[in-house]
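The lines below spell out each chain.
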Amino acid sequence: IPSYGKIPILSLSALTGLFFKSDGTKMYVLDATSDAVNEYTLSTAWDITTASWVYKFYVSSQENAPTSLFFKPDGTKMYVIGTTGDDVNEYDLSTAWDVSTASYLQNYVFDNVAAYSNRPKGMFIKPDGSQMYIIDWYGSVRKYDLGYYA
């Protein structure tokens with residue numbers, strides 16, 4: 001498959017997570033070295049060559065080895081998982097899709113995610129918030145029933 005664009009993110013060295021707003025106008029890049037979520041605006045939807053850096057939100061107080069991030073479909077919640085700890089960290093965004101307004105809300109422990117999922121690497125939450133899927137470094141996928149978005 002040919003590549004149709006690349007943006008050099010020189011200040012980031014250990015990119016571990018990527019998430020796009022559903023309309024393609026925002027991109028979020030997780031950097032494990034700085035333990036931060038970097039927000040970018042795309043002036044042309046889905047065209048990463050038009051990305052402009054907006055803000056860096058640090059998650060190091062909750063996770064110092066982040067591996068994946070996910071947003072609630074309306075952009076008011078952000079979730080970060082990593083290999084430190086056995087939890088999923090939830091953040092409130094007082095302005096949807098704006099990580100500069102993020103604040104730590106709580107963590108969720110799902111049957112000891114770290115032990116059972118062997119170093120969580122990626123996550124996905126169903127759009128209705130009823131289930132979370134976590135993949136680990138060793139190829140296991142686990143499903144957790146959430147019931148709904150908090």
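As a reminder, the structure under discussion sits directly above these lines.
Residues numbered from 1 in each chain as written. Predicted model: local features only at pLDDT ≥ 70, side-chain atom pairs only at ≥ 80, totals over all residues. Heavy atoms only, no water.

1. Brief notes about the nonpolar core
- In terms of nonpolar packing, the biggest core is built from 24 residues, with Y28, V37, L69, F71, M78, V99 and M123 touching the most fellow members.
- Looking at this core, the elements with two or more residues in it are β2 (26-31), β5 (66-71), β6 (77-82), β7 (88-93), β9 (120-125) and β10 (131-136).
- The element best represented in this core is β6, accounting for four residues.
- Residue contacts for V99: discarding those within four places in its chain leaves Y28, V37, E39, Y55, F57, F71, M78 and L93. (Core = buried A, V, L, I, M, F, W, Y, C linked by side-chain atoms within 4.5 Å. Buried < 20%, exposed > 50% of the residue type's maximum accessible area, 1.4 Å probe, protein only. Helix = DSSP H or I, 4+ residues; strand = E, 2+ residues; numbered from the N terminus. Contact = heavy atoms within 4.5 Å.)

2. Comments concerning the pattern of salt bridges
- Inspection of every chain in the model, using the stated rule, returns five salt bridges.
- With a shortest N-O distance of 2.5 Å, K26 and E39 are connected by a salt bridge. Taken as a pair, K26 in strand β2 and E39 in strand β3 (residues 36-42) lie far apart in primary sequence, 13 residues in all.
- Classification of K26 as buried rests on a relative accessible area of 16%.
- Two residues, D92 and K77, come together in a salt bridge whose shortest N-O distance is 2.7 Å. Residue D92 is found in strand β7, and its partner K77 is found in strand β6; the two are separated by 15 residues along the sequence.
- Among the charged side chains, a network of salt bridges with common partners joins K77, E90 and D92. (Salt bridge = Lys/Arg side-chain N within 4 Å of Asp/Glu carboxyl O.)

3. What about the sheet that holds β9?
- The three strands are arranged β9-β10-β11 in an open sheet whose pairing can be described as antiparallel. What marks the edges here is a single partner per strand, and that holds for β9 and β11 (141-145). On average, adjacent strands in this sheet sit at an angle of 20° to one another, irrespective of strand direction. (Pairing = 2+ DSSP bridges. Axes fitted to C-alpha atoms, helices over the stretch in contact; angles between N-to-C directions.)

4. A few points about unusual backbone geometry
- For D35, which is not a glycine, the phi torsion comes out positive at approximately 55°.
- As for its position among the elements, D35 is in the loop between β2 and β3.
- Here the phi dihedral of W97 falls at roughly 70°; this positive angle occurs in a residue that is not glycine.
- With respect to the helices, strands and loops of the structure, W97 is situated in the loop between β7 and β8 (102-108).
- Since its relative accessible area comes to 9%, W97 is described here as buried.

5. Regarding the packing of aromatic side chains
- In total, this model carries 10 aromatic pairs according to the counting rule given.
- Measuring from centroid to centroid gives 5.0 Å for F70 and F124, while their planes differ by 75°, and the two rings are edge-to-face. Highlighted residues: F70 in strand β5 and F124 in strand β9, separated in sequence by 54 residues.
- Classification of F124 as partly exposed rests on a relative accessible area of 41%.
- Between Y91 and Y104 the ring centres are 5.7 Å apart and the planes differ by 65°, which places this aromatic pair in the edge-to-face class. (Phe/Tyr/Trp six-rings, centres within 6.5 Å; stacked < 30°, edge-to-face > 60°.)

Everything listed is a geometric property; what it means functionally is a separate question.
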